[in-house]
Structure formats: C-alpha cells, structure tokens
Amino acid sequence: MPVNLPAAASFMATHARLLDRRRFELLSGETTPDAVLAAVDGYRNADGGYGWGLEPDLRAPESQPGGALHAFEVFEEIGPVTTPHAARLCDWLASVSRPDGGLPFALPVADPAGCAPFWAQADPTVATLQSTAFTTGVALRVARHDPAVREHPWLAAATEYCFREIRGLTEAPHAIALSFAVRFADAACDFHPEATALLEHLGAFLPPDGLVPVAGGSEGESLRALDFAPLPDRPSRALFKDDVIEAEIRRLADEQHDDGGWRVDFASFSPAAALEWQGYATVRAVSLLQRHGVV
C-alpha cells in the first residue's frame, strides 16, 4: 500500500486551507498544538461557537452545531493538550440546545450564499439525532483528556438525548445519521456501560460489508466501514470482520491521486468548499493510514 507523503504535503500546500495545513503538519510532528489552535480560532465567534465556513458547506458566519463538530475534532487532535475554548464551546451548545437536550440540525443564517440547502433550510426548533450525535460523539472523545468537557452538564444532557433516540430506533436512519450515531456510541463506551448495547443495536442496521448508500446524495455516494468504525482497538470494530477493514484500508491508500491528495464523493456547494473538502479528506486519509501503521 504505497502512500506518497511528500506528494500529500505538496497537495496541501497547493489546495488546502490554513487550518487543514496545520492539522496535516501536526500529524507529521512539524508543528505544535498551539499553531493548530491559532488556525481554528479564526472561525470562532464571540459567543463561544464556531462558524465562518469551518463546516465547508455552511459558509455563513453564525455559530452552528456543524462548526462545533469540526472545532471539537481539532480539540481531540491536540490531546493531551487542552484549551479553555472547549468548555466555552460546551457553554454555547447548552445555550442553543432544545429542551429535550438535543441540538437542531442547524441554526438560522442571515445570508445563505454558499450554503448547502440542507443547512440553510433546516428547522432550528427541532432537535435531530444526527446533529446531536455528530457533536456529542466527538466531544466525548475530547472528554477523554479534557476534564472540563467531561464534567460539563451540556455533555451529560446531550448524551442522554442520544441514548433515548438510539434506543427508539426500529429501522435504519439515514446513512449519515447512522454513521454519527455509531461513532457516538463507540465514544460513549468509555464512560457509559449501557453504550455497548446501543452500539450492538445500531450494528444490526449495518450490512456485513459496511457499504451503505447515501439516500439523496450524489450518484454512487455511499458510506463505508471506515466511516462507521475508523479507528483500531475501538468497540465499533467488532461490527465488521477483519478482512472488511483490511480491504477498506487498502482501498483508502489506493485512492491517493497523482497530485498527492484525496477526494470526497459528495457534492460541494461552493468553489471554496470543493477545495476545502479535498484538504480535509487528505488529512483524514493520512491520519487513518497513520493510525493503522500504513504510513
């Protein structure tokens, strides 16, 4: 599984936004957590949330749950280093959560230019499993090394909301919601014994090969086993046989393009997003291949 890391670095320099260049450098030990935090600070608002296109297809400046997801990803990557902005982000999430503890898919935007319709037209009055799971799942991963996040009351309320919603599932949710629910349950296993049964419940909705088509997505758009169980030595890996994961790792390595980068298979909603997703996908690919000992 040859992977050309110098070509990937050149691709990042040519195409990626500063944040993802810093994240890529952190993977290779060429920069510090402080540099990555400085880059993500450019997306932070005075209310403690994150906007400004941190979620590439949501270019509006307002703080959003989607921005919180990507900010928490950074806070996970810098571990064991912590930042007080993580707890402040929890404060903001508590302020926009619905009474049942869940998060709306997205909050209103004043100008939808460059925003995907599913973000700009979301109902801000209704909580969804997808948005709550994608935010809470990565927050739980941050909580492993950040006690301020681990002990925050928002995290407890959002976790309980996800538990209730997952218990009530009688059929497979949308593929993307399912992937975030699985990753949430996987992370929750570190803190909540009952999460193991919820992970098994979600696993019943997954095919053995892990290939789940994305309804309403681009032609051929599907989620794969690594979208549900990306990391080794995690409970979610029990949902797939070893040969499935091994094939997916080989496939990921082989997907590096001649220019050194990786791509996504879903549509982007602005020229900026199209480029930014490529840099994001390249960081993800190199990180996963690194975690699996390929690079």
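Residues numbered from 1 in each chain as written. Predicted model: local features only at pLDDT ≥ 70, side-chain atom pairs only at ≥ 80, totals over all residues. Heavy atoms only, no water.

Q: Explain the packing of helix α3 (residues 33-41) against helix α4 (residues 65-77) here, please?
A: Between two packed helices, both the angle of their axes relative to each other and the distance between the axes serve to describe the pair. Close contact between α3 and α4 brings their axes to 10 Å; oriented N to C, the two are set at 170°. Between α3 and α4, the crossing angle belongs to the class labelled roughly antiparallel. Note on element contacts: α4 touches α3 through A71, V74 and F75, opposite V36, L37 and V40. The residue inventory of the contact of α3 with α4, partitioned by class, reads 6 nonpolar, no polar and no charged. (Axes fitted to C-alpha atoms, helices over the stretch in contact; angles between N-to-C directions. Helix = DSSP H or I, 4+ residues; strand = E, 2+ residues; numbered from the N terminus. Parallel < 35°, antiparallel > 145°, perpendicular 65-115°, else oblique. Contact = heavy atoms within 4.5 Å. Nonpolar A, V, L, I, M, F, W, Y, C, P; charged D, E, K, R; others polar.)

Q: Help me out: how do you make sense of the environment of A272 in this one?
A: Relative to the helices and strands, A272 resides in helix α14 (residues 271-291). For A272, a relative accessible area of 31% puts it in the partly exposed group. A272 sits 104 residues away from G168 along the chain, and the two C-alpha atoms are 38 Å apart. (Buried < 20%, exposed > 50% of the residue type's maximum accessible area, 1.4 Å probe, protein only.)

Q: Can you walk me through the packing of aromatic side chains in this structure?
A: Two aromatic rings, taken as a pair, are described by how far apart their centres are and by the angle between their planes. Summed over the entire model, instances satisfying the criterion amount to 12 aromatic pairs. Between F118 and F269, the aromatic rings sit 5.7 Å apart at their centres with planes inclined by 85°, giving edge-to-face as the arrangement. Here F269 lies in the loop between α13 (242-254) and α14 and F118 lies in helix α6 (residues 117-120), a separation of 151 residues in the sequence. Linked through ring pairs, F105, F118, W119, F134, F180 and F269 together constitute an aromatic cluster. (Phe/Tyr/Trp six-rings, centres within 6.5 Å; stacked < 30°, edge-to-face > 60°.)

Q: Quick question: what am I supposed to make of the side chain of T282 here?
A: As for its position among the elements, T282 is in helix α14. There is a polar contact of 3.0 Å between the side chain of T282 and the backbone nitrogen of W262. A polar atom in the side chain of T282 sits 2.8 Å from the backbone oxygen of Q278. With sequence-adjacent residues up to four places away left out, T282 is seen in contact with A8, F11, M12, G260, G261 and W262. (Polar contact = N/O pair within 3.5 Å; in protein donor to acceptor, adjacent residues only side chain to side chain.)

Q: How should the pattern of salt bridges be read in this particular structure?
A: Side chains that carry opposite charge are capable of pairing whenever their charged atoms lie near each other. All chains considered together, the criterion is met by 15 salt bridges. One salt bridge in this structure joins R144 and D190, with 2.6 Å as the shortest N-O distance. Residue R144 is found in the loop between α7 (129-143) and α8 (147-150), and its partner D190 is found in the loop between α10 (175-188) and α11 (195-203); the two are separated by 46 residues along the sequence. Judged by relative accessible area, which is 35%, R144 ranks as partly exposed. Among the salt bridges present, the one from R234 reaches D190, with a minimum N-O distance of 3.2 Å. In this pair, R234 sits in the loop between α12 (225-228) and α13 while D190 sits in the loop between α10 and α11, placing the two residues 44 residues apart along the sequence. Through salt bridges with shared partners, a single network forms among R17, D20, R23, R59, E77 and E276. (Salt bridge = Lys/Arg side-chain N within 4 Å of Asp/Glu carboxyl O.)

Limitation: the analysis is restricted to geometry and does not speak to function.
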